[in-house]
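Examination of the molecular architecture
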Amino acid sequence: MPSATEAPQGPLAVHFDGVRLAFPVKNKPEYEVLAPLTLSVAPQQFISIVGPTGCGKSTLLNVAAGLLKPTGGRVLIDGAPLPGLNRGAGYLFQQDALMPWKTALQNVAVPLEIAGIPAAEAAERAQAWLGKVGLARFGDRYPHQLSGGQRKRVGMAQVLIRDPQLLLMDEPFGPLDAQTRQIMGTLLLDLWAGTGKAVIFVTHDLEEAIALSDRVILLSAGPSARLIGDYDIDLPRPRNTADIRLLPRFHELHHAIWSQLRGEVAKAYAEQAA
Ligand SMILES: Nc1ncnc2c1ncn2[C@@H]1O[C@H](COP(=O)(O)OP(=O)(O)OP(=O)(O)O)[C@@H](O)[C@H]1O
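The protein chain has the name Mannosyltransferase in an unreviewed UniProt entry, where Elstera cyanobacteriorum is given as its organism. Taken verbatim from the UniProt record of the protein chain, the Sequence similarities (unreviewed entry) comment is "Belongs to the ABC transporter superfamily."

**Quick look at the pattern of salt bridges**
Inspection of the entire model under this criterion finds 14 salt bridges. Here arginine 74 ties to aspartate 17 by a salt bridge, and the two come within 2.8 Å at their closest N and O atoms. Within this pair, whereas arginine 74 is found in strand β4 (residues 72-77), its partner aspartate 17 is found in strand β1 (residues 14-23), the two being separated by 57 residues in sequence. For glutamate 207, the salt bridge identified is with arginine 245, shortest N-O distance 3.1 Å. Taken as a pair, glutamate 207 in helix α6 (residues 206-212) and arginine 245 in the loop between β10 (227-232) and α7 (248-273) lie far apart in primary sequence, 38 residues in all. For glutamate 207, a relative accessible area of 32% corresponds to the partly exposed category. With a relative accessible area of 13%, arginine 245 lands in the buried category. A single salt-bridge network, built from bridges that share partners, covers Arg20, Glu30 and Glu32.

**Topic: the nonpolar core**
The biggest cluster of nonpolar side chains holds 34 residues, and the ones touching the most others in it are Phe46, Val108, Val154, Met156 and Phe201. Counting only elements with at least two residues in this core, the list comes to α2 (104-114), α3 (119-132), α4 (148-160), β7 (166-170), α5 (178-192) and β8 (198-202). Broken down by element, this core gets its largest block of residues, 6 residues, from α5. Two domains each put at least three residues into this core: domain 1 (1-88 + 165-274) and domain 2 (96-163). Not counting the four nearest positions on each side in its chain, valine 154 is found in contact with Leu98, Ala104, Asn107, Val108, Leu130, Leu135 and Leu146. Residues Leu61, Leu168, Val202 and Leu227 belong to the second largest nonpolar core, which totals 31 residues.

**Let's talk about α2**
For α2, the full list of buried residues reads Ala104, Asn107, Val108, Ala109, Val110, Pro111 and Leu112. Close packing links the buried residues of α2 with α3 and α4. Two residues or fewer after α2 comes glycine 116, characterised by a positive phi angle close to 90°.

The rules behind these values
- Residues numbered from 1 in each chain as written.
- Predicted model: local features only at pLDDT ≥ 70, side-chain atom pairs only at ≥ 80, totals over all residues.
- Heavy atoms only, no water.
- UniProt positions renumbered as here; feature names shortened; annotations may be inferred.
- Salt bridge = Lys/Arg side-chain N within 4 Å of Asp/Glu carboxyl O.
- Helix = DSSP H or I, 4+ residues; strand = E, 2+ residues; numbered from the N terminus.
- Buried < 20%, exposed > 50% of the residue type's maximum accessible area, 1.4 Å probe, protein only.
- Core = buried A, V, L, I, M, F, W, Y, C linked by side-chain atoms within 4.5 Å.
- Domains from an automatic or database assignment.
- Contact = heavy atoms within 4.5 Å.

And the structure:
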């Protein structure tokens, strides 16, 4: 693992260089969410962050997005310090970010229109993206006329149409049923494969993390969460996120990571109950 002060050689999508994050608390000592943490994510790499509830997974993602400024250390994007908002990243949250007054097609076209692409071209490209996420015939539907999984597909098309080289995903499939989550996971892998994009995916679901990722990063229970595990997921690609769970190697990896995670989950519950 690279040291906190020395950025590794070669192109890196994201390098968290001794990043520390503490929130001020009125009339009390600051609350340190993340102890200094160093982590590199290579281009094309799909990593997941797992850890017990409240350990700082979303906080770390928000630092990469430039929504939170680290209290210490720095974030490098392709070797350069992140100056503020990470405009090159695409962000997909658990909650829908669709505009209810726009159709699916119009929602997908929004980022292109903001970028100044003429409306006709934006609509044409949005239609192509609706096709890629399996919604070619749903372009004229409003968000309330779509299922949760369909809205998530629209959200994915809306993020990917800008072709961001870094995807930041915070429990994006959280509200969906288990079967739809697996279908969406496979769709995400199909859309990501061969694009060269780096992905940082936050989830509390260890099986989902293993099924999707090249690496699973484990954070300890907070406060002052630390990086305590960095597991290579040496499962074959391309993957179907349902079928991959049947491989013996999947179970070995799950066993190894869960053996470490379960103690942290217990600590987090004890901390919250105290
Ligand atoms: N603005 C804030 N001020 C103070 N504390 C905060 C703030 N935002 C988050 N926290 C605290 O920071 C910690 C980490 O929160 P975060 O949302 O990053 O955790 P998480 O690992 O994503 O949790 P979960 O798995 O439950 O979604 C929590 O204890 C939370 O209460």
